[in-house]
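# Survey of secondary and tertiary structure
One-letter residues, chain by chain:
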Amino acid sequence: MTKDKFDILGPLYNEIGVELVNIVGGDPDGIFLYVEIGDRWISPNIFKDEGHQIRNLDDTEALSDLLWEAWYAESAEGGIKRWSILEYEIKDGKFEINYRYPDEVDVEVIDDERRQAALRARFGDKPVVYPPMPKTAFELKP
């Protein structure tokens with residue numbers, strides 16, 4: 001018996017959920033992963049609903065590796081399209097995934113509004129807290 005893509009993707013999406021829980025450090029309810037992907041690049045964004053605000057968290061190399069694996073499992077052969085945007089949400093202990101495809105959206109054109117629209121659709125107008133930018137030291141020479 002040969003494996004179909006769902007035999008591969010089911011466990012992969014579960015692993016992605018486990019990695020997301022590790023990233024947020026506990027309760028999975030309210031996790032939202034928004035991913036844009038293209039040939040040789042990936043942009044995952046992890047958000048966690050904290051009630052009064054949404055927290056943006058840094059992704060990990062392990063998460064990116066799992067996302068690449070899931071993307072490549074969607075073979076471009078035989079008319080099966082690879083997704084351009086993946087939205088992965090955890091609610092009440094279950095995950096739900098939605099896709100957008102290249103014929104729906106051109107992710108090669110940078111547009112931060114796509115991510116913002118996805119956030120508003122899930123969380124309304126709750127403020128989003130982003131991680132602080134790393135501080136860099138510069139030596140000024142006279």
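Nothing here was measured: the structure is a model prediction, and the numbers come from that model. (Residues numbered from 1 in each chain as written. Predicted model: local features only at pLDDT ≥ 70, side-chain atom pairs only at ≥ 80, totals over all residues. Heavy atoms only, no water.)

## Quick word on the overall build of the chain
- When helices and strands are tallied, the chain shows three helices and six strands.
- Moving toward the C terminus, one meets the helices and strands of the chain in the order α-β-β-β-α-β-β-α-β.
- Taking all 142 residues of the chain together, the buried fraction comes to 35%.
- Here the analysis covers contacts within the chain between residues at least 6 apart in sequence; of these, 57% occur between residues at least 24 apart.
- As displayed, the chain has an accessible area near 9100 Å², and 53% of this comes from carbon and sulfur atoms. (Helix = DSSP H or I, 4+ residues; strand = E, 2+ residues; numbered from the N terminus. Buried < 20%, exposed > 50% of the residue type's maximum accessible area, 1.4 Å probe, protein only. Contact = heavy atoms within 4.5 Å. Areas by Shrake-Rupley, 256 points an atom, 1.4 Å probe, with all protein chains shown as cover.)

## Some points on a negative patch on the surface
- There is a patch of like negative charges on the surface, built from E15, E61, D65 and E69.
- When residues of the negative patch are assigned to their parent elements, the largest contribution, three residues, is made by helix α2 (residues 61-73). (Patch = residues over 30% accessible without salt bridge, like charges linked within 9 Å, V, L, I, M, F, W, Y side chains within 5 Å. Salt bridge = Lys/Arg side-chain N within 4 Å of Asp/Glu carboxyl O. Lys, Arg positive; Asp, Glu negative; His and termini not counted. Charge placed at Lys NZ, Arg CZ, Asp CG, Glu CD.)

## A look at the pattern of salt bridges
- With the rule as written, the count across this model stands at eight salt bridges.
- Between E89 and K91 there is a salt bridge, with the nearest N and O atoms lying 4.0 Å from each other.
- E89 sits in the buried class, given a relative accessible area of 13%.
- Through salt bridges that share partners, E87, E89, K91 and R122 make up one connected network.

## A few points about the pairing of strand β1 (residues 31-38)
- By the criterion of burial, β1 is predominantly enclosed, with eight of the eight residues buried.
- Of the two faces of β1, the one holding I31, L33, V35 and I37 and the one holding F32, Y34, E36 and G38 are both buried throughout.
- Pairing analysis gives eight bridges linking β1 to strand β2 (residues 41-49), with the strands arranged antiparallel. Counted as the bridge partner of F32 is F47 from β2.
- Joining the antiparallel neighbours β1 and β2 is a turn of two residues, in which R40 adopts a positive phi near 75°.
- Both β1 and strand β4 (residues 85-91) contribute to a ladder of six bridges, which runs antiparallel. Bridged to E36 within β4 is I85. (Pairing = 2+ DSSP bridges.)

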